[in-house]
Amino acid sequence: MREVILAESAGFCFGVQRSVELAEKLLDEGGVCYSLGQLIHNDDVVRHFQDRGMQVVDTPEQVPEGASVIIRAHGVSREVEQRLRQRTDRVVDSTCPKVLRIHKLVEQASAEGRQVVVIGTRSHPEVTAICGWCVGALVFENGAELENYLNHHPEFQENPVTMVIQTTQTRENFEDCEKKLKKECTNLKIFDTICEATSTRQSEAIRLASDCDAMVVIGGKHSANSVHLSDLCRQYCGNVQFIENAQELDLQRLTSAGKVGITAGASAPSWIIKEVKQTMTDEIKNEGTTEKSFEELLEESFKTIYNGDKVTGEVVALTPTEVNVDLGMKYSGFIPTTEFTDETGAKIEDCVKVGDKIEAVVVRVNDVEGTVQLSKKRLDAAKNWEAIVSAAETGEVMEGVVTEDNKGGIVVSVKGNRVFVPASQTGLPREAEMSSMLKQTVRLKITEIKGRRVVGSIRAVQREERRIAAEKVWNEIEVGKHYDGVVKSISSYGVFVDIGGVDGMVHVSELSWGRVRNPADVVSVGEHMDVYVISFDKEAKKISLGHKDPNGNPWTKFTETYQVGDVAKVKIVKLMDFGAFAEVLPGVDGLIHISQIADRRIGKPGDVLTVGEEVDAKITAIDDEKQKISLSIRALLNDRRDEEE
């Protein structure tokens, strides 16, 4: 042997680990207890528990009344469970959650009048238990058996059928049976109940067997998943040993092998795997990096960890209560599902998946049971707090969501930490309601940390962003440049518009070509305006903006339409002592002097004209430079009189 490769998924699966832990706890509490059938399919583990006081019985009637009894991971039928609970109320059910799910599926299918089909080994206790939760289940060990039955029972095609499969069966067997049922049955429900850990273990075994010169499969001879592992390995490797412990290992068969892979069934305990690896280690020749690589792997697999250690592992199984994590060492890690689902309310399957890599912190180590309780939340919280402290030191801008408001300010959740932002630092006007910011995502700076109390400022970020934006505006500003501005405030003489960090003023005369008496009549605070630069003074930090479209200049339209001597229908818009102003075109007014209103002397313009009245007037003069127009009604009257004479 030159290299030994250990499968990451080798050893106890979650269901077996859970069953062993419950048995250890039961023995710690009571001393003597009973197991209905072998707890798991491994003789060494069974002997270990027998030495501690656990007795194996085959029927409920063999359990003394009132004694403590454990139901093994494979589960039992409903009828057996009822008989057991009639004898004692001290029953610990260690049935694997994956198996319990199958019990519920077949129980429901049977209640609905559906024919249950179970794919698995007939004599296996898991299959026996499954059949005990429904009526008239049909069991087929493989696709050939199923096909033969379908050929001799054509009426089966019309039956409503529900198919499940033993948790430790191979993917190949499932797909073969699925294909045959789908071909024949018209009312079919198929549930893929193969354990994810089993699938992972089998896939990894296939990859190892394809790449190695020899394979060692560790597991009980009557363990279904271990037998399947051995069979799968033999399909891809010609040198496979199926052993229960190190004493059965034939080292002679491994002498000429280059790479040797090791995998183990779900019921193989860590101490047996360690013993097998140690035996192989002793036989590895000192060939430099090969021996060193194996020793490093061995050390990593069996090192001791402590509370507070950070670890990384792979998710190998999900249950309603726990996420099982393979740490690549002698301990089996688990994280409560509530750490993933409490805040979001989502299903655990939507939060984490088998195969995901997870980093967590060790909360509690149980060396006796070989388990480690982990917490992803605590590690995330520690990392997030470090990020908060770092941001306070560096001035980094952080992002969070406003979760609360009060008279003094608001509370922002930043990476799971509460950050208080005083009202003066929210960036809101004094009269604004703090509640308007609830559920908004905001950017802030951490300004103070006292113990676990954190204070932040949104205004500091806005001020900095505004300063940077203002610098950009002043560096790039030029006359005629257009901006998409936002109205910040309104006065009687114009409006102030933010063009990106800098405010400029649009005079009331620049709001429209028409007459505007009050800027608030045409714009409102917060409104977007297309503005352009008329002039600017960098030293005084003043910008004059325009809003009127130069192409829409009504004076240009007037000069293109009228000339001196033309007659226009005008509208009286304002009366003065010296005359009347009349609108020739929207945005263009002319003056009718009092002497030009009538062909006689009048006391005041209001004696003859009224605001809003439309009259004909003659254009008598145009001052293009000052954009002024002189109008005359009298000249028009004289022209008409001359024509009549």
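Summarised in this report is the structure supplied together with it.

Calculation criteria
- Residues numbered from 1 in each chain as written.
- Predicted model: local features only at pLDDT ≥ 70, side-chain atom pairs only at ≥ 80, totals over all residues.
- Heavy atoms only, no water.
- Helix = DSSP H or I, 4+ residues; strand = E, 2+ residues; numbered from the N terminus.
- Buried < 20%, exposed > 50% of the residue type's maximum accessible area, 1.4 Å probe, protein only.
- Contact = heavy atoms within 4.5 Å.
- Salt bridge = Lys/Arg side-chain N within 4 Å of Asp/Glu carboxyl O.
- Pairing = 2+ DSSP bridges.
- Right-handed = clockwise from strand over helix to strand, strands pointing away.
- Phe/Tyr/Trp six-rings, centres within 6.5 Å; stacked < 30°, edge-to-face > 60°.
- Lys NZ or Arg CZ within 6 Å of the ring centre and 35° of its normal.

### Observations regarding the environment of A268
When you line up the elements, A268 lands in the loop between β12 (259-264) and α10 (270-283). Accessibility expressed as a relative area gives 1% for A268, which makes it buried. When the C-alpha positions of A268 and N245 are compared, they lie 9.0 Å apart, and in sequence the two are 23 residues distant. Ignoring anything within four residues of it in the chain, the contact list for A268 reads G11, F12, N42, I218 and I273.

### Focus on the pattern of salt bridges
Where charged atoms from two side chains of opposite charge come close, those side chains can pair. Considering all chains together, one arrives at 32 salt bridges under this definition. Salt-bridge contacts for R466 lead to D498; the nearest nitrogen and oxygen are separated by 3.0 Å. Placement of the pair is R466 in helix α15 (residues 458-476) and D498 in strand β24 (residues 494-498), with a sequence separation of 32 residues. Overall, D498 belongs to the buried group, its relative accessible area being 15%. With a closest N to O distance of 2.6 Å, D639 and K618 form a salt bridge. In this pair, D639 is assigned in helix α17 (residues 633-644) and K618 in strand β31 (residues 614-623), connecting sequence segments 21 residues apart. A single salt-bridge network, built from bridges that share partners, covers E24, D28 and R52.

### Section: the pairing of strand β3 (residues 54-57)
The pairing of strand β2 (residues 33-36) with β3 spans four bridges and is parallel. Residue Y34 lies in a different strand from β3, and its bridge partner there is Q55. A crossover links β2 with its parallel partner β3, the connecting element being helix α2 (residues 43-52), and its sense is right-handed.

### Regarding the packing of aromatic side chains
Going through the model one piece at a time under the given rule, you end up with five aromatic pairs. On the basis of an interplanar angle of 90 degrees and a centroid distance of 6.2 Å, the ring pair of F578 and F581 is categorised as edge-to-face. By relative accessible area, which is 37% here, F578 ends up partly exposed. The structure contains a cluster of three or more aromatic residues connected by ring pairs, namely F140, Y149 and F156. The lysine or arginine in question, K221, covers the ring of F242, its NZ or CZ lying 5.0 Å from the ring centre.

That's the geometry; what it means functionally is another story.
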